[in-house]
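Summary of structural features
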Amino acid sequence: MKKSITLKSGLQLEIRIPNVEDAQPVLNFIDIISSESDNLTFGPGEFGISLEKEKNYFSHLKENKDNIFVIGLIDGEIVCVSDMSTGKRKRMRHAGEIHISVQKKYWNHGIGRTVLSELIKWGKEIRKLRKIDLQVKEGNDPAIHLYISLGFQEEGRISRGYQIDGKFYTLICMGLEL
Ligand SMILES: CC(C)(COP(=O)(O)OP(=O)(O)OC[C@H]1O[C@@H](n2cnc3c(N)ncnc32)[C@H](O)[C@@H]1OP(=O)(O)O)[C@@H](O)C(=O)NCCC(=O)NCCS
């Protein structure tokens with residue numbers, strides 16, 4: 001996948017699958033976003049993937065027909081990372097799970113909507129998925145609003161899904177039937 005899309009604000013967003021050379025910039029991006037919200041499964045310094053591991057993962061991305069991992073760039077800077085992994089076994093191969101993060105200074109420009117729409121299209125048309133799932137922390141209103149507007153519905157809740165500094169947070173399970 002490689003696309004260039006003009007956002008509603010006029011910014012030009014490039015969406016593509018990363019190369020091995022993107023591994024360090026992606027880790028730098030993850031460092032930034034990990035301290036910008038409490039809505040991810042990791043905080044600052046908690047991502048736990050080495051440069052070597054990231055490079056190795058990226059070196060096989062383009063031949064990976066089951067999962068998709070994309071970066072969004074504005075003027076060459078990574079502003080979004082998103083991926084969808086799908087089930088390996090026959091009974092689970094129809095479903096995928098989506099994740100997304102956008103750098104805070106670019107929130108509300110339509111990047112999340114644009115990138116998720118591309119991944120949903122990939123899931124539906126290329127990978128022939130019949131279901132996409134995700135989990136979102138209760139209170140993450142921009143994300144929940146975005147998911148609902150893309151057709152996702154709430155399917156259940158996991159109590160104590162997150163624990164941050166001794167406080168528990170509920171996770172909302174959302175799904176999109178294709
Ligand atoms: C959630 C996230 C990916 C959205 O990315 P984004 O590029 O800002 O998304 P968009 O601009 O496409 O859409 C945001 C929508 O939320 C809406 N929104 C913003 N603040 C909101 C709020 N407090 N309550 C409800 N909706 C809100 C915007 O109006 C927009 O909706 P619209 O297109 O109908 O106007 C981004 O905020 C993010 O990375 N957050 C931190 C990490 C995270 O939470 N990831 C998701 C984990 S499940």
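This structure is a prediction, so every number in the text was calculated from the model and none was measured.

**Observations concerning helix α1 (residues 23-34)**
Look at α1: 16 Å from first C-alpha to last across twelve residues, which is about the 16 Å you get at 1.5 Å a residue. Along α1, the residues classified as buried are A23, V26, F29 and I33. Taken around the axis of α1, the buried residues stretch over an arc of 120°, which confines them to a single face. Exposed residues pointing more than 90 degrees away from the buried face of α1 are listed as Q24, N28 and D31. Its buried side turned inward, α1 meets α2 (51-59), β3 (68-74), β4 (77-86) and β5 (95-102).

**Things to note about the site of the ligand**
Taken together, 21 residues lie near the ligand, and N39, G112, R113, D141 and H145 sit nearest. Of all the secondary-structure elements, those providing two or more residues to the shell around the ligand are β5, α3 (111-126) and α4 (141-149). A per-class count over the shell around the ligand returns nine nonpolar, ten polar and two charged.

**Looking at the nonpolar core**
Counting residues in each nonpolar core, the largest one holds 33 residues, and the members touching the most others are C80, I98, V115 and L119. Here I98 is in contact with M84, L116, L119, I132 and L134, once residues within four sequence places are set aside.

**A look at the packing of α1 against α2**
One can describe the packing of α1 onto α2 by two numbers: an axis separation of 9 Å at closest approach and a directional angle of 120°. Classed by the angle they form, the pair α1 and α2 counts as oblique. Where α1 crosses over α2, the two elements pack in a sense that is right-handed. In this structure, α1 uses A23, Q24, V26 and L27 to contact α2, whose residues at the interface are L51, E54, K55 and F58. Looking at the contact of α1 with α2 residue by residue, the class counts come to five nonpolar, one polar and two charged.

**Description of unusual backbone geometry**
Phi at N108 is positive, roughly 65°, even though this residue is not glycine. Looking at where N108 falls in the secondary structure, it is placed in the loop between β5 and α3. Judged by C-beta crowding, with 12 C-beta atoms within 10 Å, N108 ranks as exposed. Backbone geometry at R160 places phi at a positive 55°, although glycine is not the residue there. Secondary-structure assignment places R160 in strand β7 (residues 153-164).

Reading the values: rules and limits
- Residues numbered from 1 in each chain as written.
- Predicted model: local features only at pLDDT ≥ 70, side-chain atom pairs only at ≥ 80, totals over all residues.
- Helix = DSSP H or I, 4+ residues; strand = E, 2+ residues; numbered from the N terminus.
- Expected span 1.5 Å × (residues − 1).
- Buried ≥ 20, exposed ≤ 12 C-beta atoms within 10 Å, placed from the backbone.
- Arc of directions from axis to C-beta.
- Contact = placed C-beta atoms within 7 Å.
- Near = placed C-beta within 6 Å.
- Nonpolar A, V, L, I, M, F, W, Y, C, P; charged D, E, K, R; others polar.
- Core = buried A, V, L, I, M, F, W, Y, C linked by C-beta atoms within 7 Å.
- Axes fitted to C-alpha atoms, helices over the stretch in contact; angles between N-to-C directions.
- Parallel < 35°, antiparallel > 145°, perpendicular 65-115°, else oblique.
- Left-handed = near helix turned anticlockwise from the far one by under 90°.

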